[in-house]
Amino acid sequence: MGAPWSSGVRRRPDGEVEVAGVPVSALAAEHGTPAYVLDEADFRARARAYRTAFEAAFDQVGAGVDVYYAGKALLTVAVARWATQEGLRVDTASGGELATALRAGVPGTAIGLHGNNKSDAEILAALDAGVGRLIVDSLVEIDRVADLAASRGVVAPVMVRVTTGVHAGGHEYISTAHEDQKFGLSVSAGPDGGTSPALAALVAVVARPELELLGIHSHIGSQILDPSGFEAAARVVLQLRADLAQRTGVLVDEVDLGGGYGIAYLPADEALEPGPVARDVAEAVAAVAGELGTPLPRFSIEPGRAVVGPAGLTLYTVGTVKPVTVSASVDGGATAGTFTRLYVSVDGGMSDNIRPALYGAHYHAEVVGRLSDAAPVLARVVGKHCESGDIVVHEVMLPGDVRAGDLLAVAATGAYGRSMASNYNALTRPPVVAVADGASRVLVRRETVEDLLALDQG
């Protein structure tokens, strides 16, 4: 079917859609709806594409690169194993994600731990697991990590996260390199013209023998479709690296350029392809290092959404279908007439995909269980929650005969659907189902009402 669907999705002559050879009717019959469906081969292919593209591009300029799968997009035991088997490391953002990666058998040395407010327990768990890197996010965290490392008798490998001032990505809530937000330490010297917080943090790490300074970390946002942002951020970070060397004599060995590579959510969207962006970034960092007269460090990147997002879809069953007459307006607020929008309610909603309500994110949906000759009509796919903002797809053309019992799928929901899911209105979270080679298996089972009540101590 093409973007934004995974490579294993196709529509049969009878109109039913199948994923990796499994009809959606069979998936619904066996696993129920709503359900998150993951195309395993598609996930693996995208992971390999990022690793091989960046390895080849950086090899051309004489630098090494590591690719970390950003687990916050979706992390299950199986997903962590897939990423590792395809040659990726795993980036975690909490103690729970760290525990999931470790249960999957990911070596501690191949795991990174992020977080702007890590607890002592999370830091100690990372140290005990021998993680390859702890990304420190504030000046106060430097001493906390050093003291906890001393209590364990180990040296903690750390990177310092910096904010480069490069703005990239979509909604402001997912743009992470501007100054007025919670992540990282600014490279700006500030109004007094003194040492920047980022440089001060790097110097502080060098001064603590309990810490090993691996390098500098940056992340400029999410759903980035213009690679120039990565190039601009790399210039800032490499300059900071040179400044640290001039100040302390320490030239760090690694620079992490983060993730945020954009994907197609709608049929007309164009995704950021790994090959061209890898070549652009590699050539840019080589040029900057040449200007600065410093050797190239080892680099790392952290794709998450770009690997798992297109590999997933959410399968729903349609319930209530309701035509609503809407007043159209022109500039100035004058009414220019009316039109009809078909509200198509499904058996999930904002509890399994909060992104449309949280970010105004747009998705594409199709009726996938049958063929229809009915003329398409303007529709809005909504959930079953007690919120008028419970919208799954804001605008989409669906067959005019869409009806209760139809199977409807929303594309490109592999990232941030399950990982941001909730139990709002006491709905149970859907299962995560992997499909490969004509068979399906449950990676994470559906929650039950008994699961919810088991937590309620009365």
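Check the entry above for the structure.
Rules and cut-offs
- Residues numbered from 1 in each chain as written.
- Predicted model: local features only at pLDDT ≥ 70, side-chain atom pairs only at ≥ 80, totals over all residues.
- Heavy atoms only, no water.
- Phe/Tyr/Trp six-rings, centres within 6.5 Å; stacked < 30°, edge-to-face > 60°.
- Helix = DSSP H or I, 4+ residues; strand = E, 2+ residues; numbered from the N terminus.
- Buried < 20%, exposed > 50% of the residue type's maximum accessible area, 1.4 Å probe, protein only.

Caption draft 1: Quick look at the packing of aromatic side chains. What the rule picks out here adds up to nine aromatic pairs. Summarising the aromatic geometry, the rings of Y50 and F54 are spaced 6.2 Å apart at their centres and angled 15 degrees between planes, so their arrangement reads as stacked. Of this pair, Y50 and F54 are both found in helix α2 (residues 40-60), four residues apart, which corresponds to roughly one turn of the helix. When the centroid spacing of 6.0 Å and the interplanar angle of 20 degrees are considered together, the rings of F54 and F58 count as stacked. In this pair, F54 and F58 both sit in helix α2, four residues apart, roughly one turn of the helix. By the burial criterion, F54 is buried, and F58 matches it. What links up through ring pairs into an aromatic cluster is the set Y50, F54, F58, F230, Y261 and F299.

Caption draft 2: Here's a closer look at unusual backbone geometry. A cis amide bond links A3 to the next residue, P4, at an omega of 10 degrees. With respect to the helices and strands, P4 occurs in the segment before β1 (9-11). Here the bond from T33 into P34 is cis, since omega is -5 degrees, no more than 30 degrees from zero. Inspection of the secondary structure assignment puts P34 in the loop between α1 (24-31) and β4 (35-39). Phi is positive for Q223, which is not a glycine, with a value near 55 degrees.

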